[in-house]
Amino acid sequence: MQTVSSTIEAPTIKSSSLTRRFREFSLIGRDPMLSISLLLSGIFIFVFVVYPLYRSAAGGFISEKGAWDVTYFTRYFDNYYGPALRQSFIDTMEMGILTATAGTLVGFIFAYSIVRCRIPGKRFVHWLALVPTVSPPFALALSMILLFGRNGLISHKILGIEFVKGMNDIYGLDGLVIVQTITFFSVSYLILKAMLERLNPAMEEAGASLGAGRFHLFRTITMPLLIPGIAGSFLLLFVESLADLGNPLFIAGTKTVLSAQIFMAVIGEYNFQKASALSLVLIIPTLAVFLVQRYYVNRRTYISVTGKPAGSQIVEKDPLIRWIFNILAYLIIAFIIVLYVTIIYGSFSTAWGVDFAPTLRHWSMTITRGVEAILDTTFLSAMATPFAAILGMIIAWLVVRKKFTGKSVLDFTSNLGGAVPGTILGIGFILAFNKPPLALAIAIYAILAMFYAQAVGKNSAERIVILILGTALGVGLTRVDARIMYFCLGGLYVAMALIFMLTQRKFSKALITALIGVYVMSTNWAVVLSKPISDFSRSLEKGFWSNAIFQFADYLKVLLQPTPSLLAIALLFAGVILLQGTQGRPFRIGLGMLGLSVACALSFVGIPFAMVGGAYIIMAAFIVRSLPASVRSGVAALQQIDPSIEEASNILGADAQYTFRKVTLPLILPALFAGLIFSFTRHMTSLSAIIFLVSAKWRIVTASILSEWEQGGVGVAAAYSTVIIILVMIAIIVLNLIINKMFKGRGSVDMSQGF
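Residues numbered from 1 in each chain as written. Predicted model: local features only at pLDDT ≥ 70, side-chain atom pairs only at ≥ 80, totals over all residues. Heavy atoms only, no water.

## What about the packing of aromatic side chains?
Argument step 1. What the rule picks out here adds up to 22 aromatic pairs.
Argument step 2. A ring pair is formed by F44 and F48, whose centres lie 5.1 Å apart and whose planes are at 45°; its orientation type is tilted. With F44 and F48 both in helix α2 (residues 32-58) and four residues apart, this pair spans about one turn of that helix. With respect to class, F44 is no different from F48; both count as buried.
Argument step 3. Summarising the aromatic geometry, the rings of F108 and Y112 are spaced 5.5 Å apart at their centres and angled 35° between planes, so their arrangement reads as tilted. You can see F108 and its partner Y112 sitting in helix α4 (residues 82-115), four residues apart, about one turn around the helix. Here F108 and Y112 have matching classes, each one buried.
Argument step 4. Three or more aromatic residues link up through ring pairs in this structure, and these residues are F44, F48, F429 and F433.
Argument step 5. Seen from the ring of Y81, R75 lies directly overhead, with NZ or CZ sitting 4.1 Å from the centre. (Phe/Tyr/Trp six-rings, centres within 6.5 Å; stacked < 30°, edge-to-face > 60°. Helix = DSSP H or I, 4+ residues; strand = E, 2+ residues; numbered from the N terminus. Buried < 20%, exposed > 50% of the residue type's maximum accessible area, 1.4 Å probe, protein only. Lys NZ or Arg CZ within 6 Å of the ring centre and 35° of its normal.)

Structure representation (structure tokens):
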């Protein structure tokens with residue numbers, strides 16, 4: 001009897017679980033904005049994170065002919081390739097461990113000096129410690145070579161060292177670890193500084209009152225409380241080190257790490273299968289460390305929100321300890337200043353190592369032929385930044401405030417883009433969006449079309465009619481010539497606007513719908529509108545202004561000619577919002593059918609989701625890389641807000657979008673601005689994720705720096721680096737001024753929340 005009972009009980013439990021999940025999503029479906037938030041987040045993460053990473057990892061098992069092939073994995077175990085490949089893996093792990101250890105130590109020195117030792121000039125030291133986060137990833141490697149290279153200012157000119165074959169120099173694992181330590185220690189500093197500020201001093205005060213010495217207190221109380229932060233910092237720096245591409249390319253010398261091997265497999269050998277195989281080898285330790293790091297970050301977050309310290313911050317009273325930490329911090333700051341001054345002066349030096357006389361030749365080249373890369377980087381970064389920050393806040397809100405099946409998956413995958421090395425993501429983007437399968441577009445359209453019909457129709461009959469007729473009309477429109485088709489699609493939206501105005505008496509919706517129709521039609525006008533700008537730029541003398549004005553013509557095309565598949569997704573969501581509350585069955589069906597047909601036609605224009613070589617794939621890569629910082633910043637802010645505030649809004653009848661817009665968003669605006677700062681900074685200094693995505697039409701400054709360095713243009717590379725640092729610093733200063741103006745008296749943005 002017991003056996004029979006257990007046999008019957010199992011399907012009952014399974015059926016109950018499925019029923020609960022069906023009811024859960026049915027309830028979510030009643031709130032269109034909540035559904036849109038979930039679908040938007042889920043589709044973006046699947047299309048631009050999960051799918052590219054899958055293609056990147058799976059590509060290592062597929063040969064150029066499409067056959068199953070594990071050649072590049074078996075090479076790790078043979079006698080010819082194996083020793084070099086295994087040594088490269090060992091060198092990569094050694095680099096990560098050494099960088100994480102040294103970076104965490106330096107970060108702790110700065111955090112302890114500023115929080116406990118009250119270092120003189122604390123604000124100045126704090127901002128200088130953050131400078132490495134706003135510079136290109138290999139700026140410090142460039143500076144180290146200029147100072148300590150074989151023809152460096154200090155090593156060769158001042159110390160007179162003549163390097164011979166076999167002699168140890170700055171190139172190699174030791175130089176790489178030094179550069180990466182200075183590059184990434186700011187992350188550790190921010191994490192440990194936040195933890196030290198939030199530690200409750202009562203336990204240390206109690207120990208001191210019982211006669212415990214400073215070292216004993218530090219070893220038995222302070223360090224155990226800091227262990228989650230130290231471990232989290234170590235693991236995060238380990239991942240950052242493995243993901244770094246720029247520094248290994250510049251200063252690794254004969255040491256080859258996996259990120260550089262992946263880059264060379266694509267750029268030097270044009271072998272995507274080999275690059276994918278190496279990517280999978282690098283993903284395994286990276287993801288393992290990322291999972292462990294998430295555990296410690298969660299512990300850190302829990303500790304930080306349990307309450308404010310009961311008393312004032314503990315100040316280090318021992319002058320010996322205080323000045324040891326302060327002097328070490330000052331020495332590191334002095335070293336950082338020397339490195340950045342070297343970059344700036346290197347951009348003015350005639351020929352570094354030979355002729356140090358100042359010249360403007362490198363800057364002249366930078367602001368003439370290089371203005372395209374500078375403007376492209378700034379434009380694409382500025383375009384991607386608000387999307388990254390807003391999407392991060394939406395995902396954070398869903399993760400912290402909502403309960404639904406798959407919430408932990410959404411949280412985990414939203415952080416994957418920043419956890420895996422950028423080179424892996426870049427390869428995945430090439431493989432995923434060069435010739436994407438039609439099945440991807442069909443699957444996404446099917447999900448969104450069913451959601452659209454569910455949200456617009458009032459019953460099953462209406463939904464089926466909208467779905468079938470709207471899809472059929474959309475498929476028919478794809479047969480029309482592309483130029484005429486866009487006029488037809490825009491005309492359908494204009495027709496919807498007229499119906500709104502005449503039958504629904506909703507003039508605001510009619511105006512918005514008409515503007516959407518005009519925008520869809522403007523795809524055909526983009527070339528016409530940009531042509532006068534291009535012609536005017538050609539009439540000017542070759543130089544800064546002619547190149548800059550010509551770029552604005554391309555930016556106009558980007559704004560007016562989005563990727564059709566992405567526009568289709570946006571129009572489906574817009575249609576759901578616009579058609580809410582439509583009265584009359586014939587009008588619901590008619591308007592719903594017209595709106596769905598436009599999205600259907602755009603979903604299957606040309607090769608859906610084929611974006612390689614365009615601006616939107618670079619922006620997508622930017623967003624994916626900066627999204628984790630925005631999500632973490634939003635999560636940290638929401639965890640400090642009492643949920644009862646939002647519950648009160650819901651009890652009074654507000655839906656999810658109204659509560660988020662009127663209640664939640666004003667409270668998390670500081671976190672939103674922090675997300676903007678992190679996102680713009682990461683976009684402007686990104687290299688590994690976009691190095692394979694740049695083209696002759698769309699150039700990125702960091703890729704131009706690498707190109708100039710390879711061609712011997714040290715001065716131009718230094719000028720590019722200086723420009724990026726200046727632009728990012730200006731953006732951060734402006735955003736901080738806005739934050740201080742808007743939130744005066746409400747505290748400042750916690751910059752550590754992004755890590």
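After that view of the structure, there is still more to cover.
## Observations regarding the packing of helix α6 (residues 139-148) against helix α8 (residues 173-198)
Argument step 1. Where α6 meets α8, the closest approach of the two axes is 9 Å, and the angle between their N-to-C directions is 135°. Between α6 and α8, the angle is such that the two are oblique. Classified by chirality, the crossing of α8 by α6 is right-handed. Contacts from L140, A141 and M144 of α6 reach α8 at I178, V179, I182 and T183. (Axes fitted to C-alpha atoms, helices over the stretch in contact; angles between N-to-C directions. Parallel < 35°, antiparallel > 145°, perpendicular 65-115°, else oblique. Left-handed = near helix turned anticlockwise from the far one by under 90°. Contact = heavy atoms within 4.5 Å.)

## Some words on the nonpolar core
Argument step 1. Core analysis: the biggest nonpolar cluster contains 220 residues, and F110, F250 and F429 have the highest contact counts within it.
Argument step 2. Top element by residues in this core is helix α16 (residues 371-401). It accounts for 16 residues.
Argument step 3. Residues in contact with F250, not counting those within four places in the same chain, are F138, A141, L142, I145, Y171, I705, L706 and W709. (Core = buried A, V, L, I, M, F, W, Y, C linked by side-chain atoms within 4.5 Å.)

## Let's talk about the environment of I726
Argument step 1. Of note, I726 is situated in helix α32 (residues 714-742).
Argument step 2. Exposure remark for I726: the relative accessible area of 43% places this residue in the partly exposed category.
Argument step 3. Placed 592 residues apart in sequence, I726 and V134 show a C-alpha to C-alpha distance of 9.0 Å.

## Points about helix α12 (residues 258-267)
Argument step 1. Taking burial as the measure, the ten residues of α12 include eight buried ones, the bulk of the element.
Argument step 2. Within the sequence span of α12, burial applies to L258, S259, A260, Q261, I262, F263, A265 and V266.

## Some points on helix α15 (residues 361-368)
Argument step 1. Residues of α15 that are buried: H362, W363 and T366. Each buried residue of α15 lies within a common arc of 95° when the element is viewed along its axis, so the set occupies one face. (Arc of directions from axis to C-beta.)

## Structural notes on the pairing of strand β2 (residues 355-358)
Where a strand is regular, its side chains alternate between the two sheet faces.
Argument step 1. Alignment of strand β1 (residues 349-351) against β2, held across two bridges, turns out to be antiparallel. By the bridge assignment for β2, S349 is matched with P358.
Argument step 2. Between the end of β1 and the start of β2, which pair antiparallel, lie three residues, with G353 showing a positive phi angle near 95°. (Pairing = 2+ DSSP bridges.)

## Side note on the environment of N271
Argument step 1. In this fold, N271 is placed in the loop between α12 and α13 (272-304).
Argument step 2. Assessed through its relative accessible area of 13%, N271 is described here as buried.
Argument step 3. Between the alpha carbons of N271 and S63 there is a distance of 9.8 Å; along the sequence they are 208 residues apart.
Argument step 4. Once residues lying within four places of it in the same chain are set aside, the contact partners of N271 are Y72, A265 and V266.

## What about unusual backbone geometry?
Argument step 1. The phi angle at R118 is positive, at roughly 45°, despite the residue not being glycine.
Argument step 2. Relative to the elements of secondary structure, R118 occurs in the loop between α4 and α5 (122-130).
Argument step 3. Residue classification places R118 among the partly exposed positions, given a relative accessible area of 43%.
Argument step 4. One non-glycine residue, Y270, lies in the positive phi region at around 55°.
Argument step 5. Within the secondary structure layout, Y270 lies in the loop between α12 and α13.
Argument step 6. Relative accessible area serves as the criterion here: at 64%, Y270 is assigned to the exposed category.

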